[in-house]
Amino acid sequence: MQIVRTSKNMRGSVQCDNTTMHLLQANDFVADAIRQEVRKRNILLINIVSSAGSGKTTLLQETAKRLKDKLNIKVLVGDLETERDAARIRQAGIDALQIVTGGICHLEAQMIWQAMQKLNLDNTDMLIIENVGNLVCPASFDLGEDYRVTLIATTEGDDKPKKYPRMFLTSELMLVSKADLLPYLPFSVEAVVKDAREINPTIEYLTVSSTSGQGLDEWCNWLLEKVKEKKETTQEKELVVS
Amino acid sequence: MHEISLVRNIFRTLESNFSFEELEKINAIDLKVGLLSNVEPMLMQSAFEAVVSAEGKFQNTKLNILLVPILVHCTTCDQTSEIKEYNFVCTVCGKPNNNVVQGTELLIERVHFN
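Residues numbered from 1 in each chain as written. Chains lettered and ligands numbered in written order. Predicted model: local features only at pLDDT ≥ 70, side-chain atom pairs only at ≥ 80, totals over all residues.

Description of the overall build of chain B
Line of reasoning, step 1. Scanning chain B for helices and strands turns up 3 helices and 6 strands.
Line of reasoning, step 2. Reading the helices (α) and strands (β) of chain B from amino to carboxyl end gives α-α-β-α-β-β-β-β-β.
Line of reasoning, step 3. Computed over its C-alpha atoms, the radius of gyration of chain B comes to 17 Å, more than 25% above the 13 Å expected for a compact globule of 114 residues.
Line of reasoning, step 4. Within chain B, counting contacts between residues at least 6 apart in sequence, those at least 24 apart form 69% of the total. (Helix = DSSP H or I, 4+ residues; strand = E, 2+ residues; numbered from the N terminus. Rg over C-alpha atoms; globule rule 2.2 N^0.38 Å. Contact = placed C-beta atoms within 7 Å.)

And the structure:
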């Protein structure tokens, strides 16, 4: 019981134990279960977030082309409606499952857990979640991921991080996408990195373009490196246990 | 944000912690909301009213929202400072800092009974 009961019959006011009256408690509980499951299975879990239309799906199609022979990748993609994005990713040659949220503005851990039961995760190296296009709500929902990657397109404006601080605060990597358009837009990579680092001094960044291919090798190498690190840390833990 | 579903979470949390008789006597709920929680107090109030009128529960209950600022703790100076305008720096030494110790809360802090 999480509340200190002074009598059988409540009167006056009752101080609640903060950790147990947390409104996202159910989500965080499932997120921890996901974290344990992917650790057990040696899978790197990536949560990709951005505004709508900044190029998440296109980036994943290009990522699939470059990494499908090196890694066993599975993708879960969230949208309010339609199967379109999952179909696009499958065309690029990797297994993708669509989560249709039916109007919900973000993915919750419970949706990921249920979708994971439908995927064959044997021998999977990396599971990528493509979140609903929204920089607000997905920021509050832990999905059990190892890394949160935020895309910001050059068409969006370089002042976004301060407008959506929690997303940039909780991300480990920022991808500046549609970099091929930089010559035509008043967008400064330097300014967006400065804005993001005022919120999150440790955030890494890469400049990428799915159209020209710029930065995609670096992005793929970043993923390969994180998959390797995850496997190594899991093995170390196994050694300690045995 | 998704204030309606958060209000439903409040109801669910209370219903799983208190008996039917106790729920009847709740006249106020104090919610602690951090500036980083992406919750807008005014929308939360309207969502609360909307769910109350739709579900007929908690008709005599008031929702109090306590908005709390973002605080970071600097391990170098062992000081806690408030973050203004999302400039995540320690106000004592001026170094960048994102060690948030307050500001992401979304909690029922106190429940008042008749």
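Re the overall build of chain A
Line of reasoning, step 1. When its secondary structure is counted, chain A shows 8 helices and 8 strands.
Line of reasoning, step 2. In chain A, which comprises 242 residues, the share counted as buried stands at 44%.
Line of reasoning, step 3. Sequence separation of 24 or more characterises 74% of the internal contacts of chain A that already satisfy a separation of 6 or more. (Buried ≥ 20, exposed ≤ 12 C-beta atoms within 10 Å, placed from the backbone.)

Some details on the UniProt feature "binding site: Ni(2+)" (unreviewed entry) in chain B
Line of reasoning, step 1. Annotation from UniProt places "binding site: Ni(2+)" (unreviewed entry) at His-2 of chain B.
Line of reasoning, step 2. Within the secondary structure, His-2 of chain B sits in the segment before helix H1 (3–17).
Line of reasoning, step 3. For His-2 of chain B, a count of 21 C-beta atoms within 10 Å gives the class buried.
Line of reasoning, step 4. Every residue in contact with His-2 of chain B, bar those within four places of it in the chain, is listed here: Cys-105 and Cys-137 of chain A. (UniProt positions renumbered as here; feature names shortened; annotations may be inferred.)

Things to note about the sheet that holds strand E7 (residues 173–177) of chain A
All names here are of chain A.
Line of reasoning, step 1. The strand order across the open sheet built from 7 strands is E4-E3-E5-E2-E6-E7-E8, with neighbouring strands paired in parallel fashion. Single-partner strands in this sheet number two, and they are strand E4 (95–100) and strand E8 (204–207). Mean inter-strand twist for the sheet, computed between neighbouring axes without regard to direction, equals 20°.
Line of reasoning, step 2. Pairing analysis gives 4 bridges linking strand E2 (residues 44–49) to strand E6 (residues 147–153), with the strands arranged parallel. Residue pairing for E6: Val-49 is matched across the bridge by Thr-150.
Line of reasoning, step 3. Sitting on the sheet, helix H4 (residues 109–118) is in contact with strand E3 (73–79), E4 and strand E5 (126–130), with an inclination near 140° to E4.
Line of reasoning, step 4. Seen against the sheet, helix H7 (residues 189–199) touches E6, E7 and E8 and runs at an angle of roughly 155° to E7. (Pairing = 2+ DSSP bridges. Axes fitted to C-alpha atoms, helices over the stretch in contact; angles between N-to-C directions.)

Things to note about the UniProt feature "domain: CobW/HypB/UreG nucleotide-binding" (unreviewed entry) in chain A
Line of reasoning, step 1. Cross-referencing UniProt, the feature "domain: CobW/HypB/UreG nucleotide-binding" (unreviewed entry) maps to residues 46–204 of chain A in the present numbering.
Line of reasoning, step 2. As a span, residues 46–204 of chain A carries 31% helix and 22% strand, and end to end its C-alpha atoms are 15 Å apart.

Some details on the packing of helix H1 (residues 25–40) of chain A against H4 of chain A
Residues and elements named next belong to chain A.
Line of reasoning, step 1. Contact geometry for H1 and H4: axes closest at 8 Å, N-to-C directions at 35°. The handedness of the crossing between H1 and H4 comes out as left-handed. Across the interface between the two elements, Asn-27, Val-30, Ala-31, Ala-33 and Ile-34 of H1 pack against Ala-109, Gln-110, Ile-112 and Trp-113 of H4.
Line of reasoning, step 2. In terms of residue class, the contact of H1 with H4 is built from 7 nonpolar, 2 polar and no charged. (Left-handed = near helix turned anticlockwise from the far one by under 90°. Nonpolar A, V, L, I, M, F, W, Y, C, P; charged D, E, K, R; others polar.)

Some remarks on the nonpolar core
Line of reasoning, step 1. Counting 64 residues, the largest nonpolar core has Val-75, Ile-112, Met-126 and Ile-128 of chain A as the members making the most contacts within it.
Line of reasoning, step 2. Ranked by the residues each element gives to this core, the list is headed by E2 of chain A, at 5 residues.
Line of reasoning, step 3. Other than its neighbours up to four places away in sequence, Ile-112 of chain A contacts Ile-34, Leu-76, Leu-107, Ile-129 and Leu-143 of chain A.
Line of reasoning, step 4. Counting 21 residues, the second largest nonpolar core, distinct from the first, contains Leu-23 of chain A together with Val-7, Ile-26 and Leu-106 of chain B. (Core = buried A, V, L, I, M, F, W, Y, C linked by C-beta atoms within 7 Å.)

Comments concerning the confidence of the model for chain B
Line of reasoning, step 1. For chain B, per-residue confidence averages 92 on the pLDDT scale, and 99% of positions sit at 70 or higher.
Line of reasoning, step 2. Interface predicted TM-score (ipTM) for the complex: 0.74; the corresponding pTM is 0.86. (pLDDT = per-residue confidence, 0-100.)

What to know about the interface of chain B and chain A
For interface size, the figure often reported is the accessible area lost on association.
Line of reasoning, step 1. Each side of the interface is counted separately: chain B has 25 residues, and chain A has 29 residues.
Line of reasoning, step 2. In terms of residue count, strand E6 (residues 106–113) of chain B provides more of the side of chain B that touches chain A than any other element does, 8 residues in total.
Line of reasoning, step 3. Among the residues making up the side of chain B that touches chain A, the classes are represented as 12 nonpolar, 9 polar and 4 charged.
Line of reasoning, step 4. Taken together, the 3 bridges between strand E1 (residues 13–15) of chain A and E6 of chain B define a ladder with antiparallel strand orientation. Each bridged residue has a counterpart across the sheet, and for Gln-15 of chain A the counterpart in E6 of chain B is Arg-110 of chain B.

With respect to the environment of Leu-206 of chain A
Residue and element names in this part refer to chain A.
Line of reasoning, step 1. Checked against the element boundaries, Leu-206 lands in strand E8.
Line of reasoning, step 2. Taking the number of C-beta atoms within 10 Å as the measure of exposure, Leu-206 has 18 and is therefore partly exposed.
Line of reasoning, step 3. Along the chain, Leu-206 and Glu-156 lie 50 residues apart, while their C-alpha atoms are 16 Å from each other.
Line of reasoning, step 4. Setting aside anything within four residues of it in sequence, one finds Leu-206 in contact with Leu-175, Gly-215, Glu-218, Trp-219 and Trp-222.

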